[in-house]
Amino acid sequence: MTVAEKRNDLIIRFGGEGGEGVISSGDMVSQAAVRSGLEVLTFKTFPAEIRGGYAMYQTRFSHDKIMSEGTGFDVMVAFNQEALDNNVKLLSEGNVLVYDYPGGDIAEEQKIPGVTCYAVPMTKIAKEDLGTLRSKNMVAMGAVAELFAISMEQIRGTIQSKFGKKGSEVVEVNFKALDAGRDHVRNNIKKTDPYQMDPGKTAANTIILSGNDAVGLGALLAGCKYFSAYPITPATEVAIFLSRHLPKVNGALVQAEDEIASLANVIGASFGGLKSMTATSGPGLSLMQELIGMASMMETPLVICDVQRGGPSTGLPTKHEQSDLLLAALGCHGDASKVVISPEGVEDCIYLTVEAFNVAEKYQVPVLILSDGSLGFRTASMKQPDPKSLRIVNRELYNPSNGGEFKRYKVTESGVSPMSLPGMPGGAYICASLEHAESSAPRYTAENHTMMTDKRFGKLKDLEDFFPATEADVQEGAELGVITWGSTIGVAREAVADLRKTGMKISALYPKLVWPLPMKALNAFLAKHKKIIVPEVNKQGQLAKIIRMETGADIISYAIYGGMPFSPKMLADKFKEVSK
Ligand code: COA
């Protein structure tokens, strides 16, 4: 093998048929890389079926902080003909193709101008030498590890932890498969490509989490004690994570019969004093609308995580889209006050979930977290959070020893009125969906409804100061300003950084509070820039619409809706085009 040039950044894409272990391979290589001290960020997309269809896992390694999945890939590992066909057009000068040949599904030896092609007979080795096709993906892993200097020892560790529960025979055959893939490369392939990742410095307390796990971890750190949900892709992993960990903190998790029941359970648990949460995806959020309005009317603190997916209806359940913003912000009937927060990356999912609980508890409102399929399934490495450094806010409680009459909906200067808990002496009140007087008794007069509606909206007046999570990255002299949200933020950060390296002046605003809009930060940003562009992954340009509605500003919407996120190059090209 010739000595290859060391790289600081490498993107490997694995493609194959759902069911043949593409996702496991990607997960394991990524974990091994983190354990070797590298920064990692992954992206996966797979069919809605359990078996069959095209599954893809992309992992980006770097010695530096990674902001997005990146543009394209450097190395393609094709497990079958479909994966090769889907990606062959994307292979460009300097890329590497590792493919299952001969003896597998790929019919012909590959010779692609400018592309280094390495044939590894994954199927043949797995079937003929190891006696189990199941281990084909580990043959591929061994080859990839040897080719690009990913630690075999660390991959062995991930095999042990992932397949250990399937029994020692499964672990053993996978170890053998890994060695067989490595040996095939050692004995048959002359490495001519430049890709080789040196291990990084393993930082203490580094963890690797998915976006969905990170939401679960954030909930635990915030003090969540009750979670109820109905399974739905791509949100189910939030429940799976919490089912493992909530019992350790004396919390409870209930799988409900549907999304309506799950939110009803959450409302009940919060009424009883517990920090409570549910997680769902688009169709589930549609079903919850009536009860979100009820929580808003009853001023019940709670958190709903919506892991958005391609819609409408069951739509594209495993694909990426940011198309629930209008539903989350404006979906309820009546004038319902609520808050919508959107994290940009996996680490953010931890801290913004903590903040979602803080906002819910402080203002006694339903708070929605808008994650998405790409973010929920993505894994990334990060520093383990320090619980002591977190701000944790708890709801203001009625104090019976202060005496005086308890009025659950007392109109106060802040708009927030202390809550009582069931059983508190003198704290009984009517917690129901009807409009109510300060005492909580139903009342429908014009004056009362006006006063109570003003209370429910007015209490959010200092929200932007309490939750100042809008980042303005303003460059003096820039005429173009980018505003974007959720997981598109990371891609925009990378595009903006790349353009600045070329000398272009460009600013960006990254709001994490997406409803109500952070008007102070937004207006200041709008005033400084001649042109504003809002990229987002939905047809209607939903954030662009909301900004126009709230500010009247002239906005250029850049909307894509193909089930995939933007790449930094797509954004950089568009920003250059509109800045002319
Ligand atoms: N040895 C032993 N077992 C192995 C293995 C190996 N070398 N490689 C993989 N496996 C196991 C995995 O552990 C996994 O088993 P598990 O289900 O018990 O965890 C299984 O084989 C599938 O492998 P995995 O790598 O996780 O996935 P894949 O790349 O083969 O793709 C999916 C399969 C993910 C596409 C498919 O199973 C799926 O879940 N589709 C989505 C379904 C969905 O959400 N639909 C939407 C409904 S609305």
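Now for a quick tour of the structure. Everything numeric here is computed off the predicted structure, so don't read it as measured data.

Side note on the environment of Gly 94
Right, on to step 1. One can find Gly 94 in the loop between α2 (81-88) and β5 (96-100).
Right, on to step 2. On a C-alpha basis, the gap between Gly 94 and Ala 524 in space is 44 Å, while along the polypeptide they are 430 residues apart.
Right, on to step 3. When residues no more than four places from it in sequence are discounted, the contact partners of Gly 94 are Gly 114 and Tyr 195.

Notes on the sheet that holds strand β10 (residues 276-280)
Right, on to step 1. With mixed pairing, the 7 strands of this open sheet are ordered in space as β9-β8-β10-β11-β13-β12-β18. On the outer flanks of this sheet lie β9 (252-255) and β18 (513-515), each paired with one strand and no other. The mean inter-strand angle of the sheet, taken between neighbouring strand axes irrespective of direction, is 25 degrees.
Right, on to step 2. Judged from the 4 bridges that link them, strand β8 (residues 226-229) and β9 form a sheet pairing that is parallel. By the bridge assignment, Ser 228 is partnered in β9 with Val 254.
Right, on to step 3. Against the sheet, helix α9 (residues 259-271) contacts β8, β9, β10 and β11 (302-308), and its axis sits at roughly 165 degrees relative to β10.
Right, on to step 4. Where helix α10 (residues 282-298) meets the sheet, it contacts β10, β11 and β13 (366-372), and its direction lies at approximately 160 degrees from that of β11.

A look at the pairing of β8
Right, on to step 1. Side chains Tyr 226 and Ser 228 of β8 all project onto a buried face; the interleaved residues Phe 227 and Ala 229 project onto the opposite face, where all are buried too.
Right, on to step 2. Traced from β8 through helix α8 (residues 236-245) to β9, the parallel crossover comes out right-handed.

Comments concerning a positive patch on the surface
Right, on to step 1. Residues Arg 51, Arg 134, Lys 162, Lys 165, Lys 166, Arg 244 and Lys 248 make up a contiguous surface patch of positive charge.
Right, on to step 2. By the secondary structure assignment, Lys 166 is in the loop between α5 (152-163) and α6 (168-188).
Right, on to step 3. Using a relative accessible area of 55% as the deciding quantity, one classes Lys 166 as exposed.

What to know about the pattern of salt bridges
Right, on to step 1. Scanning all chains against the criterion turns up 27 salt bridges.
Right, on to step 2. A salt bridge links Arg 60 to Asp 9, with the nearest nitrogen and oxygen atoms 3.1 Å apart. Of this pair, Arg 60 sits in strand β3 (residues 54-62) while Asp 9 sits in strand β1 (residues 9-17), and the two are 51 residues apart along the sequence.
Right, on to step 3. Under the relative-accessibility criterion, Arg 60 is labelled buried at 8%.
Right, on to step 4. Take Asp 9: its relative accessible area is 24%, and that puts it in the partly exposed class.
Right, on to step 5. The network of salt bridges with common partners includes Glu 344, Asp 348, Glu 471, Arg 493 and Lys 512.

Comments concerning the side chain of His 320
Right, on to step 1. Tracing the sequence through the fold places His 320 in the loop between β11 and α11 (325-330).
Right, on to step 2. Given the relative accessible area of 2%, His 320 is considered buried.
Right, on to step 3. Of note is the side chain of His 320, whose polar atom sits 3.5 Å from the backbone nitrogen of Ser 374.
Right, on to step 4. When sequence neighbours within four positions are dropped, the list of residues in contact with His 320 reads Asp 372, Gly 373, Ser 374, Ser 487, Val 537, Gly 563, Met 564 and Pro 565.

Here's the deal with the packing of helix α16 (residues 488-501) against helix α19 (residues 568-579)
Right, on to step 1. The N-to-C vectors of α16 and α19 enclose an angle of 60 degrees; their axes lie 8 Å apart at closest approach. As judged from the angle between their axes, α16 and α19 are oblique. Regarding α16 and α19, the two cross each other, and that crossing is right-handed. Contacts between α16 and α19 involve Thr 488, Val 491, Ala 492, Glu 494, Ala 495, Val 496 and Leu 499 on the former and, on the latter, Pro 568, Leu 571, Ala 572, Phe 575 and Lys 576.
Right, on to step 2. Grouping the constituent residues of the contact of α16 with α19 by class yields 9 nonpolar, 1 polar and 2 charged.

Focus: the site of the ligand
Right, on to step 1. Around the ligand, the structure places 22 residues, and the nearest of them are Gly 19, Gly 21, Ile 23, Ser 24 and Ala 48.
Right, on to step 2. In the model, a nitrogen atom of the ligand is placed 2.8 Å from a nitrogen or oxygen of the Asn 137 side chain.
Right, on to step 3. Between the ligand and Asn 174, the relevant distance is 2.9 Å, taken from a nitrogen atom to a side-chain nitrogen or oxygen of the residue.
Right, on to step 4. For the ligand, whose accessible area on its own is 970 Å², the fraction buried by protein is 70%.
Right, on to step 5. Looking at the shell around the ligand, its residues break down into 10 nonpolar, 7 polar and 5 charged.

Some words on unusual backbone geometry
Right, on to step 1. Along the chain, Thr 233 connects to Pro 234 via a cis peptide bond; the corresponding omega equals 5 degrees.
Right, on to step 2. With respect to the secondary-structure elements, Pro 234 resides in the loop between β8 and α8.
Right, on to step 3. Geometrically, the link from Trp 515 to Pro 516 is a cis peptide bond, its omega value of -15 degrees lying close to zero.
Right, on to step 4. As for its placement among the helices and strands, Pro 516 is situated in the loop between β18 and α17 (519-528).
Right, on to step 5. The backbone of Ser 313 shows a phi angle near 55 degrees, a positive value even though the residue is not glycine.
Right, on to step 6. Of the residues examined, Ser 313 reaches a relative accessible area of 57% and is grouped as exposed.

What about the pairing of β10?
Right, on to step 1. Where burial is concerned, most of β10 is hidden: 5 out of the 5 residues are buried.
Right, on to step 2. Pairing geometry for β10 and β11, over 4 bridges, is parallel. By the bridge assignment, Thr 278 is partnered in β11 with Ile 304.
Right, on to step 3. After leaving β10, the chain enters α10 and then returns to the sheet as β11, a path that is right-handed.

What to know about the nonpolar core
Right, on to step 1. Core analysis: the largest hydrophobic core is formed by 50 residues, its most contacted members being Ile 12, Phe 14, Phe 61, Val 98, Phe 148 and Ile 150.
Right, on to step 2. Residues within four places of Ile 12 in sequence aside, it is in contact with Tyr 57, Gln 58, Thr 59, Phe 61, Val 75, Val 77, Val 144, Phe 148 and Ile 150.
Right, on to step 3. Formed by 47 residues, the second largest nonpolar core is a distinct cluster that contains Leu 217, Ala 222, Val 346 and Leu 513.

Quick notes on the sheet that holds strand β20 (residues 556-559)
Right, on to step 1. Read across the open sheet, the 5 strands follow the order β15-β17-β16-β19-β20; overall the sheet is mixed. Here the strands that pair on one side only, and so sit at the sheet edges, are β15 (470-473) and β20. Neighbour to neighbour, the strand axes of the sheet diverge by 20 degrees on average, direction disregarded.
Right, on to step 2. The pairing of strand β16 (residues 480-483) with strand β19 (residues 531-536) spans 3 bridges and is classified as parallel. The residue bridging Gly 481 from the neighbouring strand is Ile 532, located in β19.
Right, on to step 3. Strands β15, β17 (507-511) and β19 of the sheet are contacted by α16, whose axis makes an angle of about 165 degrees with β17.

Rules behind the numbers
Residues numbered from 1 in each chain as written. Predicted model: local features only at pLDDT ≥ 70, side-chain atom pairs only at ≥ 80, totals over all residues. Heavy atoms only, no water. Helix = DSSP H or I, 4+ residues; strand = E, 2+ residues; numbered from the N terminus. Contact = heavy atoms within 4.5 Å. Pairing = 2+ DSSP bridges. Axes fitted to C-alpha atoms, helices over the stretch in contact; angles between N-to-C directions. Buried < 20%, exposed > 50% of the residue type's maximum accessible area, 1.4 Å probe, protein only. Right-handed = clockwise from strand over helix to strand, strands pointing away. Patch = residues over 30% accessible without salt bridge, like charges linked within 9 Å, V, L, I, M, F, W, Y side chains within 5 Å. Areas by Shrake-Rupley, 256 points an atom, 1.4 Å probe, with all protein chains shown as cover. Salt bridge = Lys/Arg side-chain N within 4 Å of Asp/Glu carboxyl O. Lys, Arg positive; Asp, Glu negative; His and termini not counted. Charge placed at Lys NZ, Arg CZ, Asp CG, Glu CD. Polar contact = N/O pair within 3.5 Å; in protein donor to acceptor, adjacent residues only side chain to side chain. Parallel < 35°, antiparallel > 145°, perpendicular 65-115°, else oblique. Left-handed = near helix turned anticlockwise from the far one by under 90°. Nonpolar A, V, L, I, M, F, W, Y, C, P; charged D, E, K, R; others polar. Near = heavy atom within 4 Å. Core = buried A, V, L, I, M, F, W, Y, C linked by side-chain atoms within 4.5 Å.

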